[in-house]
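Observations on the three-dimensional arrangement
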Amino acid sequence: MTARMKWWTVGLAVGILGGGATLAFVKLRPHVAARIQARKKAGSEQVPVQTMSPPKATDFTMEVRQPAYVVPYYTVDLRSRVPGPISYLVKSLGSEVKAGEKLVEIDVPDLRQDVEKKQSVILQRKSEVKLAEANMRVAAQAIAIAESRVEVKKAEVEAAEATREFRQLQLTRFEGLADDKAATLSLVAEHQRYLKAAVASSKAARAEVKKAQADKSEAEAKKDAAEDDVKLKKAMEVVAEQDRDQAKAYLDYATILAPFDGSILRRNVDPGTFVQSGATGQTEPLMTLERTDIVTVYMNVPDTFARYVREGTDAIIELPGLRLKGQVTRRSPSLQTPAHDRTMRVEVDFYNRSEAEYRQFLARAKQNKGAKLKDGKLPGFPRIVWGERTISEGTQLLPGTYGEMKLVLRKFSEGYLVPQRCILSRGGKPYVCLVDKNVVRLVPIEIQAEDKERAKVVLLREVGGQTVKRELSGNEELVVVKNAQGETKVSLNDGQKVVATKLPK
């Protein structure tokens, strides 16, 4: 068979299949066709349903409940920044410590010697500074001497000039006498020599002035050099002090102090244990310190409710055998969490001692302006909820305790509610079934608030590519789609015909 005939045969087969597909399907699968016909018939039939009107919202509260955890206000793992054996360690598991108290000391003789060595260098630098300052004073004195010599030489120039002028007058007088034959020529020649000597003395005096001025400039340069040397020696002293301070800082690392008041949660070493530097690699902490006079109770609020949480929102915390009332201290500004679960971390700080101690704590916090608190925010005092009463009584919350926190987010006194048994989910989105002239309309909703029985919702509708929200009017006829156990008892589709039986309010 040629390729052309093969393709013709395939086309004929496809045509036969396409033309008689329905007939073949009915002949081969009669039960499938029966099902299709049954569904069409069921869709045309009226399904009996129960309906109800939305109840009016009277003092409906929007709440969110999530697991809650008690954690210390501060927790820190203490590690060593220098290697060496532990020479001092007294505190143990459960010990109370005060801020600044010595907890661990590591034996580091090499660091102590380094500090002493650098201290000796500082003393040497101080001596060099003193010597340089003495040289500067000598140079200043040399300038004063040079200045006086310049004045002396200038005076000598004046004396030499006076002598020259005198010799000039003498020569002129004797030359006149010689012309009058009153003096001999030899006497004139002698006074000429005197004049030359005076001129030479004047030139020498001027040269001495220049030399004295040069000596002064040299003394001034030496003084500048001495001043620069003093600055250099002082800078070297500062560098030596910085080296000493750096060495002392490393030595201070050998003594680990408590960063805050708290208690020892864990201790992993003993005296004599050789520890490595925590700055060079992963090391086990020497001990773990936590602050428990204040504790934080936190919960993760889902994104549906996150926008309603504010600082000061009322919080009810239920722990084993205990129910507390407080207010939100802080909240995360974002839903970006390491777990990527789109939740907001909400924290409530509680003072974890007696009410008398709480008053003392408030006085201290006011005095130091909350310097040791997160953002300076004061913790609340836990109010124990006992039945309908709230009492003030100190309690001891243990970090690690697990419970539940309820936030009272909003209160609705107007509008209408939807019972939870009238809400169904399709594709992960909530809907309600509204009956209009015995026809079901599947309407998407947005849940604004809910509890176990009711929900505050708005109806959603697409208009021009935008979602429009509409409040319930109270005249809607809601289909009851769930039974008392929350199980779906009727499955409806949009446009399905029903026979509604309205339940009493």
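Residues numbered from 1 in each chain as written. Predicted model: local features only at pLDDT ≥ 70, side-chain atom pairs only at ≥ 80, totals over all residues. Heavy atoms only, no water.

Observations regarding the overall build of the chain
A tally of helices and strands in the chain yields seven helices and 24 strands. Per-residue burial over the chain gives 34% buried out of 505 residues. Considering only intrachain contacts with a sequence separation of at least 6, the fraction spanning at least 24 residues in the chain is 74%. Of the roughly 31,000 Å² of accessible surface on the chain, a fraction of 53% belongs to carbon and sulfur atoms. (Helix = DSSP H or I, 4+ residues; strand = E, 2+ residues; numbered from the N terminus. Buried < 20%, exposed > 50% of the residue type's maximum accessible area, 1.4 Å probe, protein only. Contact = heavy atoms within 4.5 Å. Areas by Shrake-Rupley, 256 points an atom, 1.4 Å probe, with all protein chains shown as cover.)

Section: the sheet that holds strand β5 (residues 102-106)
The antiparallel open sheet is built from four strands, whose spatial order is β6-β5-β3-β8. Two strands in the sheet have a free side with no partner beyond their single neighbour: β6 (255-257) and β8 (274-275). Across three bridges, strand β3 (residues 84-89) lies against β5 in antiparallel orientation. By the bridge assignment for β5, Y88 is matched with E105. (Pairing = 2+ DSSP bridges.)

Some thoughts on the packing of helix α4 (residues 109-179) against helix α5 (residues 185-252)
Interhelical geometry of α4 versus α5 gives an angle of 170° and a closest axis separation of 6 Å. Here α4 is positioned roughly antiparallel relative to α5, judged by the angle of their axes. Broken down by class, the residue content of the contact of α4 with α5 amounts to 36 nonpolar, ten polar and 33 charged. (Axes fitted to C-alpha atoms, helices over the stretch in contact; angles between N-to-C directions. Parallel < 35°, antiparallel > 145°, perpendicular 65-115°, else oblique. Nonpolar A, V, L, I, M, F, W, Y, C, P; charged D, E, K, R; others polar.)

Things to note about the nonpolar core
If you look at the biggest cluster of nonpolar residues, it comprises 31 residues, and the most contacted ones within it are V301, I317, V346, F350, M405, L407 and L409. Elements represented by at least two residues in this core include exactly β2 (60-78), β9 (287-302), α6 (303-306), β10 (314-319), β13 (343-351) and β16 (402-412). Of the residues forming this core, the biggest block, five residues, is contributed by β2. What I317 contacts, discounting residues up to four positions off in sequence, is V297, L322, R323, L324, V348, F350, E404 and M405. Within the second largest apolar cluster, 23 residues are counted, among which are V97, I106, A254 and M287. (Core = buried A, V, L, I, M, F, W, Y, C linked by side-chain atoms within 4.5 Å.)

A word on unusual backbone geometry
Look at K437: it is not a glycine, yet its phi comes out positive at around 55°. By the element assignment, K437 lies in the loop between β19 (429-436) and β20 (439-450). Accessibility expressed as a relative area gives 74% for K437, which makes it exposed. The phi torsion at N438 lies on the positive side, around 65°, for a residue other than glycine. Mapped onto the secondary structure, N438 falls in the loop between β19 and β20. Look at N438 and you get partly exposed, because its relative accessible area is 39%.

Considering helix α7 (residues 355-367)
If you check α7, its first and last C-alpha atoms are 19 Å apart, about what 13 residues at 1.5 Å a residue would give, namely 18 Å. Within the sequence span of α7, burial applies to Y358, F361 and A365. In a view along the axis of α7, the buried residues occupy a sector of 60°, so they form one face of it. Facing away from the buried side of α7, by more than 90 degrees, are the exposed residues R359, K366 and Q367. Residues of α7 that are buried sit in contact with β9 and β13. Of the residues one or two after α7, K369 is the one with positive phi, at around 60°. (Expected span 1.5 Å × (residues − 1). Arc of directions from axis to C-beta.)

Concerning the environment of D303
Its location among the elements puts D303 in helix α6. For the pair D303 and R342, spaced 39 residues apart in sequence, the C-alpha to C-alpha distance is 5.8 Å. Contacts of D303, omitting those with residues within four sequence positions, involve L335 and R342.

Here's the deal with the side chain of E347
Along the chain, E347 turns up in strand β13. Within the structure, E347 has its side chain in polar contact with the side chain of R345 (distance 2.7 Å). The residues touching E347, leaving out its near neighbours within four places in the chain, are T296, V297, Y298, V328, T329 and R330. (Polar contact = N/O pair within 3.5 Å; in protein donor to acceptor, adjacent residues only side chain to side chain.)

Some remarks on the pattern of salt bridges
For the coordinates displayed, the defined rule picks out 36 salt bridges. With a shortest N-O distance of 2.4 Å, K223 and E227 are connected by a salt bridge. Separated by four residues within a single helix, K223 and E227 lie in helix α5, roughly one turn from each other. A relative accessible area of 23% places K223 in the partly exposed class. For E227, a relative accessible area of 26% gives the class partly exposed. A salt bridge links K248 to D252, with the nearest nitrogen and oxygen atoms 3.7 Å apart. One end of the pair, K248, and the other, D252, are both in helix α5, four residues apart, so they sit about a helical turn from each other. For D252, a relative accessible area of 40% corresponds to the partly exposed category. (Salt bridge = Lys/Arg side-chain N within 4 Å of Asp/Glu carboxyl O.)

Some remarks on the pairing of strand β7 (residues 262-267)
The pairing of strand β4 (residues 96-97) with β7 spans two bridges and is antiparallel. When the bridges of β7 are listed, V97 appears paired with G262. Sheet topology note: the β7/β9 ladder contains four bridges and is antiparallel. Counterpart to S263 in the pairing with β9 is E290.

A word on the environment of V490
Turning to its location among the elements, V490 is positioned in the loop between β23 (478-479) and β24 (498-502). Distance from V490 to P48, taken between C-alpha atoms, is 9.4 Å for residues 442 residues apart in sequence. The residues contacting V490, other than those within four sequence positions of it, are V47, V49, V480 and V481.

Functional significance is not addressed by these values, which are geometric in nature.
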